[in-house]
Amino acid sequence: MDLRIFTEPQQGASYETLLTVAKATEDLGFDAFFRSDHYLRMGAADGLPGPTDAWITLAGLARETKRIRLGTLMTAGTFRLPGVLAIQVAQVDQMSGGRIELGLGAGWFEEEHTAYGIPFPKEKFARFEEQLAIVTGLWGTEVGGTFSYDGTYYQLTDSPALPKPTQSKVPILIGGHGATRTPRLTAQYADEFNMPFASIEDTEQQFSRVRAAAEKAGRKADDLVYSNALIVCVGKDDAEVARRADALGREVAELKENGLAGTPAEVVDKIGRYGAVGSSRIYLQVMDLDDLDHLELISAQVQSQLN
C-alpha cells in the first residue's frame with residue numbers, strides 16, 4: 001500500500017509551507033506529494049496568504065526534492081488550455097527528472113472562476129474529454145511529427161507537439177463518482193483511477209465499474225492503479241486524536257466514519273479494508289500543514305506497519 005501526502009493549499013498555505021511539507025514527505029519515506037488545483041478557499045478557512053498555482057508550485061518542488069513523485073488531485077480542466085497544459089506538465093516533468101503525474105478533472109467550483117475571471121463553461125465534461133485526447137496526443141506524437149485535432153471545443157493545426165516529458169509516459173489520473181462517463185474515460189486514457197472521499201462500499205462499487213469499463217475497452221483491469229483520497233487524523237491515543245480533530249474543526253466520530261481517523265492501529269485496520277476491495281494507494285488529505293509531528297507519527301506507526 002503506497003501512502004501519499006495530499007494537500008489543499010487554497011485553505012491557507014504559502015509556497016514555503018508547501019516546500020516544508022514536501023521535504024518532510026520525502027524525508028519520512030512517503031511515496032509522493034500531491035496538491036489540489038484551486039484558487040479559492042472553501043468553508044470557514046481564511047485562505048491566507050492567498051492561493052498558489054498548482055503547476056508553479058510543483059515546478060519549484062521539482063527542483064527542491066529528489067525522490068518523491070509530484071502531482072495534482074485534480075488539475076481543473078477549466079483553468080488551462082490543453083496545449084498549454086501539455087507544455088507545462090512536460091516542462092515540470094523535465095525539471096523533476098521524470099517524477100510528475102497528472103491528475104486531470106473537468107473542474108467544478110464555480111465561485112473560484114467568478115472570483116478570478118475564469119470562464120466556467122456549461123459543457124465541462126465534453127471539454128474534459130477533448131483535453132485528454134489533446135494532452136495525450138501531443139505527448140504521444142513522435143519528435144519531428146506534428147499533431148492536429150479538430151474538436152468541438154478545441155482545434156490544433158500542425159502542432160510540433162513539443163516539449164516532450166522526460167518520462168516515456170506521464171501517468172494520468174482520473175477520478176470521481178460518475179457511474180458511466182468517468183469509468184469510460186478512465187479506461188481510455190488513465191493509468192490510475194482515484195476514488196475521492198468515499199466509503200469502502202462505494203469504493204468497491206466504483207472500482208467494479210472501472211474494471212468492467214477497462215475490460216470492455218480491451219484493457220486488462222489490473223493494468224490500472226486503484227486508489228482512494230481520504231482525510232487523515234491520527235493520534236497516538238484518543239486525546240491526541242481529539243486534539244487534532246478539534247484543530248480541524250471536525251468531530252472525531254465523523255472523521256472516523258468518513259476518513260482515516262483514530263489511533264495508528266485503527267487507521268491501519270481501515271486502510272486494510274480499503275485494500276481488500278482493490279485499493280493499492282491512499283492519498284492522505286493533510287489539512288493542518290503546520291503539524292509535522294502528525295506526518296512523523298503516520299510514518300512511524302502507520303506506514304511502517306503497512307510496509
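The structure under discussion appears in the preceding block.
All values reported here derive from a predicted model rather than from experimental measurement.

Chemist: Where do I start with the environment of G77 in this structure?
Modeler: Inspection of the secondary structure assignment puts G77 in the loop between β4 (75-76) and α3 (82-96). If sequence neighbours within four positions are ignored, G77 has contacts with L104, G105, A106, G107 and Q131.

Chemist: Explanation requested: the packing of aromatic side chains in the structure shown.
Modeler: Here the distance between the centres and the angle between the planes together describe a pair of aromatic rings. All chains considered together, the criterion is met by seven aromatic pairs. Plain terms: the ring middles of W108 and F109 are 5.1 Å apart, the flat faces sit at 25° to each other, and that makes the pair stacked. Accessibility expressed as a relative area gives 10% for F109, which makes it buried. One cation-aromatic arrangement involves R181 over F125; the distance from NZ or CZ to the ring centre is 4.1 Å.

Chemist: Would you mind going over helix α11 (residues 292-306) with me for this structure?
Modeler: Side chains of residues three or four places apart in an α-helix project in the same direction, reflecting 3.6 residues per turn. End to end, α11 covers 20 Å across 15 residues, agreeing with the expected 21 Å (1.5 Å per residue, within 8%). Along its length, α11 shows its largest kink, about 35°, at S299. Along α11, the residues that are buried comprise H294, L295, L297, I298, S299, V302 and Q303. Of the surrounding elements, those touching the buried residues of α11 are β1 (2-7), α1 (15-27), β10 (225-234), α8 (238-248), α10 (264-276) and β12 (281-286).

Chemist: Would you mind showing me how to read the side chain of R99 here?
Modeler: Mapped onto the secondary structure, R99 falls in the loop between α3 and β5 (100-105). We note that R99 is buried and unpaired, the nearest opposite charge coming from E26 at a distance of 4.7 Å. Polar side-chain contacts of R99 include one of 3.5 Å to the backbone oxygen of K66. The contact partners of R99, leaving out residues within four places of it in the chain, are A62, T65, K66, R67, I68, R69, L70, D93 and Q167.

Chemist: I keep staring at helix α6 (residues 181-189) and nothing clicks. Help me out?
Modeler: Taken together, the buried positions of α6 are occupied by T182, P183, L185, T186, A187 and Y189. Contacts from the buried residues of α6 go to α5 (124-140), β8 (172-175), β9 (192-196) and α7 (200-216).

Chemist: Quick question: what am I supposed to make of the pairing of strand β7 (residues 155-159) here?
Modeler: If a strand is regular, its side chains alternate between the two faces of the sheet. Pairing between strand β6 (residues 147-150) and β7: three bridges, direction antiparallel. Bridge pairing in β7 links F147 to S159. With antiparallel pairing between neighbouring strands as the criterion, β6 and β7 make up a hairpin whose turn holds four residues.

Chemist: Teacher, can you tell me more about the nonpolar core here?
Modeler: Taken as a class, soluble globular proteins show a tendency for nonpolar side chains to be buried jointly. Within the largest apolar cluster, 74 residues are counted, with the highest numbers of intra-cluster contacts made by W55, L102, W139 and L284. Among the elements that line this core, the one with the most residues is α5, at eight residues. In this structure, W55 is in contact with T72, T75, R80, L85, V89, V92, I100, E101 and L102, ignoring residues within four places of it in sequence. Counting seven residues, the second largest nonpolar core, distinct from the first, contains F6, L73, L173 and Y283.

Chemist: Would you mind going over unusual backbone geometry with me for this structure?
Modeler: Negative phi values dominate among residues other than glycine, just as trans dominates among peptide bonds. A cis amide bond links L48 with the next residue in sequence, P49, at an omega value of 10°. Structurally, the position occupied by P49 is in the loop between β2 (32-35) and α2 (54-64). Omega for the peptide link from L162 to P163 comes to 0°, which places this bond in the cis form. Residue placement: P163 occurs in the loop between β7 and β8. Non-glycine residue A161 carries a positive phi angle of around 55°. Within the secondary structure layout, A161 lies in the loop between β7 and β8. Residue class for A161 comes out buried when judged on its relative accessible area of 3%.

Definitions and limits used
- Residues numbered from 1 in each chain as written.
- Predicted model: local features only at pLDDT ≥ 70, side-chain atom pairs only at ≥ 80, totals over all residues.
- Heavy atoms only, no water.
- Helix = DSSP H or I, 4+ residues; strand = E, 2+ residues; numbered from the N terminus.
- Contact = heavy atoms within 4.5 Å.
- Phe/Tyr/Trp six-rings, centres within 6.5 Å; stacked < 30°, edge-to-face > 60°.
- Buried < 20%, exposed > 50% of the residue type's maximum accessible area, 1.4 Å probe, protein only.
- Lys NZ or Arg CZ within 6 Å of the ring centre and 35° of its normal.
- Expected span 1.5 Å × (residues − 1).
- Bend = angle between axes of the 7 residues up to and from the residue.
- Lys, Arg positive; Asp, Glu negative; His and termini not counted.
- Salt bridge = Lys/Arg side-chain N within 4 Å of Asp/Glu carboxyl O.
- Polar contact = N/O pair within 3.5 Å; in protein donor to acceptor, adjacent residues only side chain to side chain.
- Pairing = 2+ DSSP bridges.
- Core = buried A, V, L, I, M, F, W, Y, C linked by side-chain atoms within 4.5 Å.

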